Amino acid sequence: MSLTALKRQPAEQLATEALKESILAGELKPGERLTEAALADQFAVSRGTVRTALHQLSRDRLVVLTPYTGWAVATIDRQDLWEIYTLRSSLERLAARLAAERMNDDGRARLAGVRDVFFAACERADVATAVDHDFSLHRTIVELSGNRRLLDQYLMVEQQIRLFINSTYASAPNLSVAIAHHSPIVDAILAGDGEAAAGHSEHHILSEGERVLALVATDGG
């Protein structure tokens, strides 16, 4: 991937976004070594610009710096997964309640549309597309909460899950139960029932976390 020249954006910002895109797209795998010189050549920027980008992504927990070893794409272990899913359950419980409480006609149309696209991918057993639309549905709910700081925290968690998917599809949606798990959440939000939406959302995320942790344990992770 080459870095597109956008003169109104700082090079550091462009380098950060380009590197993040490469990691989340799976072009750079968890544990893969990252060298400043190679990345500088790839993106046609200075090593200092790359270094700034790497430090930014380390704050997002997408890359790590190990003494005497250097930079690498972050890996996700069982402890990380437990932290991610327990945090995600709390964030999405709050988001679902807020989204339900402030739901309007525009929000209902938007949420229903995203839900329908996701469910259609599930019914086709199109895993890759379903993964993308699963994230889109959850992100839409958080956006509909109207809480920008909540969205910022959620997006960081979402990045961590996408990073995990790069190394295993264990956290891809279980298509056989995806519709049954997501329908009550969406229905409650559309109905404006904040407590029900919160409860269904928390139950879904925690049960999904338990499924992923069990699969990782089976795989010896």
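For the structure itself, consult the block above.
What counts, and where the lines are drawn
- Residues numbered from 1 in each chain as written.
- Predicted model: local features only at pLDDT ≥ 70, side-chain atom pairs only at ≥ 80, totals over all residues.
- Heavy atoms only, no water.
- Pairing = 2+ DSSP bridges.
- Helix = DSSP H or I, 4+ residues; strand = E, 2+ residues; numbered from the N terminus.
- Phe/Tyr/Trp six-rings, centres within 6.5 Å; stacked < 30°, edge-to-face > 60°.
- Buried < 20%, exposed > 50% of the residue type's maximum accessible area, 1.4 Å probe, protein only.

A look at the sheet that holds strand β3 (residues 70–73)
Item 1. The three strands are arranged β1-β3-β2 in an open sheet whose pairing can be described as antiparallel. Every interior strand has two partners, whereas the edge strands, β1 (33–34) and β2 (63–66), have only one.
Item 2. Bridge count for β2 against β3 is four bridges, and the pairing is antiparallel. Along β3, the bridge assignment pairs T66 with G70.

A closer look at the packing of aromatic side chains
Item 1. Counting across every chain of the model gives one aromatic pair.
Item 2. Arranged with centres 5.8 Å apart and planes meeting at 45°, the rings of F118 and F119 form a pair that is tilted. Take F118 and F119: they sit in the same class, and that class is buried.

Structural notes on unusual backbone geometry
Item 1. Even without glycine at this site, A44 takes up a positive phi of about 55°.
Item 2. Position of A44 among the secondary structure elements: in the loop between α2 (36–43) and α3 (47–59).
Item 3. Not every positive phi belongs to a glycine, and A125 is a case in point at roughly 60°.
Item 4. Positionally, A125 belongs in the loop between α5 (105–123) and α6 (127–144).

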